[in-house]
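Examining the three-dimensional arrangement
In case you want the letters, here they are:
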Amino acid sequence: MSFACITDSTCALTAQYDHITQVALSVSDDGNPTTSQPPVSAIVQAYEDAAAAGARSIVAPVLSGNISGTVAAFTTAAASSPIPVDVIDTRTAGGALGLVALVAAEAENAARAGALAREMSAKSFTGIVVGDVKTLVRGGRLNASKATMAAALGITPLIEVRNGRLQLRETARGKKRARARLIARAKSHVVGSAKIPNRTGQVIDLMVHCAPDDPFADQVAQAFADIPIRRHIVAPLPAVLTAHTGEAYWAIALAPALS
């Protein structure tokens, strides 16, 4: 093993991806769910375990530093690591982080892994529709005045990760229309317009987040039927993210399928 890939538990990767180490963020629920970045000691332990397993270096793509202190914790821990660590602020979260980690872990060496992680995260798209924005507002992840006004008018906000932050990008009347707009915006990120075929032939990696058996996953698959997809994953958001989004959510993460 020339290098190890270590990320955090917001990546939405299930246990089957056990070649990537996930350091857990903590979730506490006293009636108002809160999360906190992993303790530095837990990250140092992950670094030491990787070195003991034979890794000569570590590549660590992690949750946006504008959303959490996870980047800072990973960087602090790197000073105590027995091997070099490249901590990468992906400026994203959820499935996009997971897709970046998967590509990084498959690279031939650490330098290539770091380069791929940075390029892929910069070109990624993450969009989400939530059933109730109150949790995001309460946690300070979304502008309160705009979100509250939209909710009061019966309008569903479409939120995207931009510049490492959650931003309100557009609104729609009702969740059904909001989900349709989310799909259109995600596809537009690939082809330039949801009405134009993918003439570039761009192959993508795609992760869809929704509740089990939700028809949203099939709707996304149908909408992207004309787009070459290398990796297509459907997975729920991890608890550390639903603590902020609530249990009703529909999200799409995608990025160019770099290698």
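Anyway, here's the lowdown on the structure attached to this text. The structure presented is a predicted model; accordingly, all values stated were derived computationally and were not measured.

1. Notes on the packing of helix α7 (residues 175–191) against helix α8 (residues 216–223)
Contact pair α7 / α8: the axes reach a minimum separation of 11 Å and the direction vectors enclose 35°. The two elements α7 and α8 cross, and the hand of that crossing is right-handed. Residue-level inspection shows Arg179, Leu182, Ile183 and Lys187 of α7 in contact with α8, the latter providing Phe216, Gln219, Val220 and Ala223. Here the contact of α7 with α8 is composed, by residue class, of five nonpolar, one polar and two charged.

2. Overview of helix α2 (residues 70–78)
Looking at α2, one finds that the buried residues are Thr70, Val71, Ala73, Phe74 and Ala77. On an axial view of α2, the arc spanned by its buried residues comes to 165°, and they lie on one face. The secondary structure elements touched by the buried residues of α2 are β1 (4–8), β2 (21–23), α1 (40–52), β5 (58–62) and β6 (85–89).

3. Some points on helix α3 (residues 94–105)
The end-to-end C-alpha distance of α3, which contains 12 residues, comes to 17 Å, matching closely the 16 Å that a straight helix rising 1.5 Å per residue would cover. Most of α3 sits out of view: 11 of its 12 residues are buried. The complete set of buried residues in α3 reads Gly94, Gly95, Ala96, Leu97, Gly98, Leu99, Val100, Ala101, Leu102, Val103 and Ala104.

4. Let's talk about the environment of Val40
Structurally, Val40 can be placed in helix α1. Taking relative accessible area as the criterion, Val40 reaches 32% and is therefore assigned partly exposed. Placed 37 residues apart in sequence, Val40 and Ala77 show a C-alpha to C-alpha distance of 5.4 Å.

5. As for unusual backbone geometry
For residues that are not glycine, phi is negative in most cases, and the peptide bond is trans in most cases. For Ala12, which is not a glycine, the phi torsion comes out positive at approximately 65°. Relative to the assigned elements, Ala12 resides in the loop between β1 and β2. The buried category is assigned to Ala12, whose relative accessible area is 8%.

6. Overview of the nonpolar core
In terms of nonpolar packing, the biggest core is built from 26 residues, with Leu13, Ile20, Leu102, Ala113, Met120, Met207 and Ile233 touching the most fellow members. Among the elements of the structure, α3 and α4 (110–122) are those that each provide at least two residues to this core. Here the element with the most residues in this core is α3; it accounts for seven residues. Among residues more than four places away in sequence, those in contact with Met120 are Leu99, Val100, Val103, Asp205, Ala255, Pro256 and Leu258. In terms of nonpolar packing, the next biggest core, distinct from the first, is built from 22 residues, Val191, Phe216, Trp250 and Leu254 among them.

7. A closer look at the side chain of Ser57
Tracing the backbone shows Ser57 in the loop between α1 and β5. Overall, the relative accessible area of 15% leaves Ser57 in the buried class.

8. Describing the pattern of salt bridges
Evaluated as defined, the whole model comprises 10 salt bridges. For Arg231, the salt bridge goes to Glu106, with nearest N and O atoms at 2.5 Å. Of this pair, Arg231 sits in strand β11 (residues 229–234) while Glu106 sits in the loop between α3 and α4, placing them 125 residues apart in sequence. On the basis of relative accessible area, Arg231 is assigned to the buried category, the value being 15%. Of the charged contacts, one joins Asp205 and Arg230 as a salt bridge, the two residues approaching to 2.6 Å between their closest N and O atoms. One end of the pair, Asp205, is in strand β10 (residues 204–209); the other, Arg230, is in strand β11, and 25 residues separate them in sequence. In the salt-bridge network here, residues are joined through shared partners; they are Glu160, Arg162, Glu170, Arg181 and Arg185.

9. Quick word on the packing of aromatic side chains
Throughout the structure, instances matching the rule amount to one aromatic pair. Aromatic pair Tyr47 and Phe74: ring centres 6.3 Å apart, planes at 70°, arrangement edge-to-face. With Tyr47 in helix α1 and Phe74 in helix α2, the pair connects residues that are 27 residues apart, well separated along the chain. Summarising the burial analysis for this pair, Tyr47 and Phe74 share the class buried.

Reading guide: rules and limits
- Residues numbered from 1 in each chain as written.
- Predicted model: local features only at pLDDT ≥ 70, side-chain atom pairs only at ≥ 80, totals over all residues.
- Heavy atoms only, no water.
- Axes fitted to C-alpha atoms, helices over the stretch in contact; angles between N-to-C directions.
- Helix = DSSP H or I, 4+ residues; strand = E, 2+ residues; numbered from the N terminus.
- Left-handed = near helix turned anticlockwise from the far one by under 90°.
- Contact = heavy atoms within 4.5 Å.
- Nonpolar A, V, L, I, M, F, W, Y, C, P; charged D, E, K, R; others polar.
- Buried < 20%, exposed > 50% of the residue type's maximum accessible area, 1.4 Å probe, protein only.
- Arc of directions from axis to C-beta.
- Expected span 1.5 Å × (residues − 1).
- Core = buried A, V, L, I, M, F, W, Y, C linked by side-chain atoms within 4.5 Å.
- Salt bridge = Lys/Arg side-chain N within 4 Å of Asp/Glu carboxyl O.
- Phe/Tyr/Trp six-rings, centres within 6.5 Å; stacked < 30°, edge-to-face > 60°.

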